[in-house]
Amino acid sequence: MGKPASVAASSSATGASPRRALQLQGFFLPFLLGLLVRNHVSHLGRRRIRPPRRGMGSTAASSARPSGSHVPARASSLADARSRGVSPLTTPIDSIQYTIRMNTWHRNEQLLISLDHHAGCEGAASIQVVWCDPANDPPPGVADHPSGKVVVERHARNSLNERFRILDESDTPTLGILSLDDDVLRPCEALDAAFVRWTRHPERIVGFNARSHRIDRKLRDAGSQEERRGAAWEYGMVGKSGLYSLTLPSKSCFLHRDYLDYYTAHLPREVYGHIDEHFECEDVAMSYFVSALTGGRPPLLADYWATESVLELYTRNGISWKDGHIDTRNICVNDFAEYLGLKEGKRTPHSAEIVPLKEGRLLSNEGGTFFGYGDEPESWSGVDPSSLLSPRLRGLVEELQRRESLSGPNVIKNYEWMTQLRDTMEGKAKKAGLVKGSTEWKMRWLYNCAMELNSDKRTRDCFVRSDSGPTAGNGSSSYFVCDVTEGVLHHVDGSDDWMMAGPPRGTGTHEGEVVCSVRVDPETCSVEVFDSRTG
């Protein structure tokens, strides 16, 4: 189709143009299905980021770039970026609204649902869809979204670095950027609360998902201080210590628009080239990059309730599903830190100033923490609602102050409120079968799989061999049921029903002998069958 007027061309990066103002079930299944998701993660050998040639990233990455690429042959120093700082929030819109940059790749259904949700947030001034698929056009309803907020930003090359490269500054009306993927939803109130926190600290990232770096356990527990200092870092979730040092811009974060420009111009070319070549770790790079520019400080985090209100739309494809994902993250966490001077190592440039990466601490939720969370937590009582320019934000802060003052048994009302916000948000996604674990999800993703398995000779022979099958006497085919927890079903001899095996597997209450056991993998629509009568 022809290129819509709202689609930004990607011929070259534009100059500093002035920012524009806002343009602004039909049936019931006779059986219960369950899921046993298998996470096959192969452990690959630890590779390192290859040193660049001719002052660029890897050769493969360089050759893949089109002629006239925007990527400079050599990045300016981090010291240059530090000396610039970030632009102050002097324009009213910068304290009222933000621009969403949404990365997407072959998930059109999730994209459309995400756009509908985020376009309904009053705080979203514009939504930039980062489209890195030159071979295909966006689906109908994106560029011509009825909200008038959506701009499709067409990029000539497919790289995760592109999510941080704005093609046309005139399509970016605010200094505040909300970076996220197309499958991540949070209530508008959660986004607004994080946005208010960001406007008070615009030089920092305000994220929702905390991650950590850690050293090898053997060295951590038994190594010398010198060995621990030089040990390789690994990527990890936040452990019992509650320490974190990263956030994930792919899962939602607020950051200053200037950092997107600095990322392209000042990120070490070794890091930039690795992301170009391997399609990974741009979120680690941005989180580290901002820490390197702000004295090694960790990202700030949104309130606990805001982080927990997330809804991730179901999808069967994604980088984090790939084999070896954790191994590659380990490499990024260590090597990027060395290139950025957050950690001393053999990749640290001789001229680089070492700014050690600091760690923040999550506040324990055991004591009823609902608000302050992460590094430098703040109380909403310290925010003067009258200082906010937007009635929307003033009302939200007043509501959060009221909820923060609740104590004793009344605290439960906060959790009920959070649940209500999330339930309201997920309505459309749930109806579409994109809320994992819901009845609608099981009907959509497992129903056809179930029918296929019921027609499979192995399952059919096992299911209908008994004289007293679940549909005995009515002339219809046998159905099967999988336990929601374990993904296993048992058929009991002498019963007309398929029985669920409660956890631990096989310990459910059965009146007769278990004669059939089935395990279903809905991702591959495969089945394992055990018939106790035949072995």
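Rules of the game
Residues numbered from 1 in each chain as written. Predicted model: local features only at pLDDT ≥ 70, side-chain atom pairs only at ≥ 80, totals over all residues. Heavy atoms only, no water. 1 Å grid on protein atoms, 1.4 Å probe; cavity = no way out; pocket = protein on both sides within 12 Å on 5 of 7 lines; lining within 4 Å. Points joined across faces, edges and corners; volume = space filled by probe spheres on them. Helix = DSSP H or I, 4+ residues; strand = E, 2+ residues; numbered from the N terminus. Nonpolar A, V, L, I, M, F, W, Y, C, P; charged D, E, K, R; others polar. Axes fitted to C-alpha atoms, helices over the stretch in contact; angles between N-to-C directions. Parallel < 35°, antiparallel > 145°, perpendicular 65-115°, else oblique. Contact = heavy atoms within 4.5 Å. Buried < 20%, exposed > 50% of the residue type's maximum accessible area, 1.4 Å probe, protein only. Pairing = 2+ DSSP bridges. Phe/Tyr/Trp six-rings, centres within 6.5 Å; stacked < 30°, edge-to-face > 60°. Lys NZ or Arg CZ within 6 Å of the ring centre and 35° of its normal. Expected span 1.5 Å × (residues − 1). Arc of directions from axis to C-beta. Polar contact = N/O pair within 3.5 Å; in protein donor to acceptor, adjacent residues only side chain to side chain. Salt bridge = Lys/Arg side-chain N within 4 Å of Asp/Glu carboxyl O.

Novice: Tell me what's going on with empty space enclosed by the protein, and back it up with residues and numbers.
Specialist: There is about 140 Å³ of room inside the largest cavity. Surrounding the largest cavity, 16 residues form its lining, A193, R197, D303, E378 and W380 being those nearest its centre. The element best represented in the lining of the largest cavity is helix 4 (residues 188-200), accounting for five residues. Classifying every residue of the lining of the largest cavity by side-chain character gives ten nonpolar, two polar and four charged.

Novice: An account of the packing of helix 4 against helix 12 (residues 391-404) is needed here, citing residue identities and associated values.
Specialist: Where helix 4 contacts helix 12, the axes come no closer than 10 Å and their chain directions differ by 95 degrees. The angle between the axes of helix 4 and helix 12 places the two elements in the roughly perpendicular class. Judged by residue contacts, E189, D192, A193, F195 and V196 of helix 4 engage R392, L393, L396 and L400 from helix 12. Taken together, the residues that form the contact of helix 4 with helix 12 break down as six nonpolar, no polar and three charged.

Novice: Go over the pairing of strand 2 (residues 124-131), please, and point to the residues and values.
Specialist: Counting buried positions over the eight residues of strand 2 gives eight, a clear majority of the element. Where strand 1 (residues 98-104) lies against strand 2, seven bridges are found, and the strand directions are parallel. Following the sheet pairing, I100 is matched in strand 2 by I127. The pairing of strand 2 with strand 3 (residues 150-154) spans five bridges and is parallel. Paired with V130 across the bridge in strand 3 is E153.

Novice: Break down the sheet that holds strand 8 (residues 233-236) for me, with residues and values.
Specialist: Taken in spatial order, the three strands make up an open sheet running 8-7-10, and their pairing is antiparallel. Only two strands of the sheet have a single partner each, and these edge strands are strand 8 and strand 10 (246-247). Pairing of strand 7 (residues 210-215) with strand 8 involves four bridges; the strand directions are antiparallel. Bridge pairing in strand 8 places I215 opposite W233.

Novice: Give me the lowdown on the packing of aromatic side chains, citing residues and values where you can.
Specialist: In this structure the tally under the stated criterion is 13 aromatic pairs. Ring plane angle 85 degrees and centroid distance 6.3 Å describe the contact between Y263 and F289, whose orientation is recorded as edge-to-face. On the criterion of sequence distance, the pair formed by Y263 in helix 7 (residues 257-266) and F289 in helix 9 (residues 282-293) is long-range, its members being 26 residues apart. Here Y263 falls in the buried class, since its relative accessible area comes to 0%. Ring pairing ties together the aromatic residues W305, F370, F371, Y415 and W417, which thus form one cluster. The positively charged end of R269 is found above the aromatic ring belonging to Y272, 4.5 Å away from the centroid. Lying over the aromatic face of Y235, R329 brings its terminal NZ or CZ to 4.7 Å of the ring centre.

Novice: Pulling in residues and values, what's your account of helix 13 (residues 412-425)?
Specialist: With 14 residues, helix 13 ought to run about 20 Å at 1.5 Å a step, and its terminal C-alpha atoms sit 20 Å apart, in line with that. If you check which residues of helix 13 are buried, you get N414, W417, M418, L421 and M425. Along the long axis of helix 13, the arc covered by the buried residues comes to 100 degrees, so they all point the same way.

Novice: For the sheet that holds strand 12 (residues 300-301), give the residues involved together with the corresponding values.
Specialist: Within the open sheet, the seven strands sit side by side as 3-2-1-4-11-6-12. Their pairing is mixed. Edge strands, defined here as strands with exactly one partner in the open sheet, are strand 3 and strand 12. In this fold helix 4 packs onto strand 1, strand 4 (176-181), strand 6 (206-207), strand 11 (253-256) and strand 12, with an angle of close to 30 degrees to the strand it touches most, strand 11. Its contacts with the sheet place helix 7 against strand 1, strand 4 and strand 11, and it is angled at close to 75 degrees to strand 11.

Novice: Hey, could you go over unusual backbone geometry for me, with residue numbers and the actual values?
Specialist: The phi dihedral of H106 falls on the positive side, at around 55 degrees, and the residue is not glycine. Inspection of the secondary structure assignment puts H106 in the loop between strand 1 and helix 3 (108-119). A positive phi angle is found at C281, which is not glycine, with a value near 70 degrees. Mapping C281 onto the fold places it in the loop between helix 8 (269-278) and helix 9.

Novice: Before we move on, can you summarise the packing of helix 8 against helix 11 (residues 325-339) with the specific residues and values?
Specialist: Closest axis-to-axis distance for the helix 8/helix 11 pair is 9 Å, and the angle between their directions is 150 degrees. The angle between the axes of helix 8 and helix 11 places the two elements in the roughly antiparallel class. Touching E270, V271, H274 and I275 of helix 8 are C332, F336 and Y339, all from helix 11.

Novice: Could you give an account of the side chain of H256, naming the residues involved and the relevant values?
Specialist: On the secondary structure map, H256 appears in strand 11. Since its relative accessible area comes to 0%, H256 is described here as buried. For H256, the side chain forms a polar contact with the main-chain nitrogen of D258, separated by 3.0 Å. Each residue touching H256, except ones within four places of it in the same chain, is listed here: V86, S87, L89, L175, W198 and P202.

Novice: Quick one: what's the story with the environment of K413, residue by residue and with numbers?
Specialist: Structurally, K413 can be placed in helix 13. As for K413 and R403, which are separated by ten residues in sequence, their C-alpha atoms are 8.4 Å apart. Sequence-distant contacts of K413, that is, excluding residues within four places in its chain, are made with R403 and L406.

Novice: I'd like a rundown of the pattern of salt bridges, residues and numbers included.
Specialist: As enumerated under the stated definition, the model contains 26 salt bridges in all. Of the charged contacts, one joins R157 and D276 as a salt bridge, the two residues approaching to 3.3 Å between their closest N and O atoms. In this pair, R157 is assigned in the loop between strand 3 and strand 4 and D276 in helix 8, connecting sequence segments 119 residues apart. Both residues of the pair, R157 and D276, count as buried. Measuring nitrogen to oxygen at the nearest pair gives 3.1 Å for the salt bridge that ties K343 to E338. By the burial criterion, K343 is buried, and E338 matches it.

The values are spatial; any link to function lies outside them.
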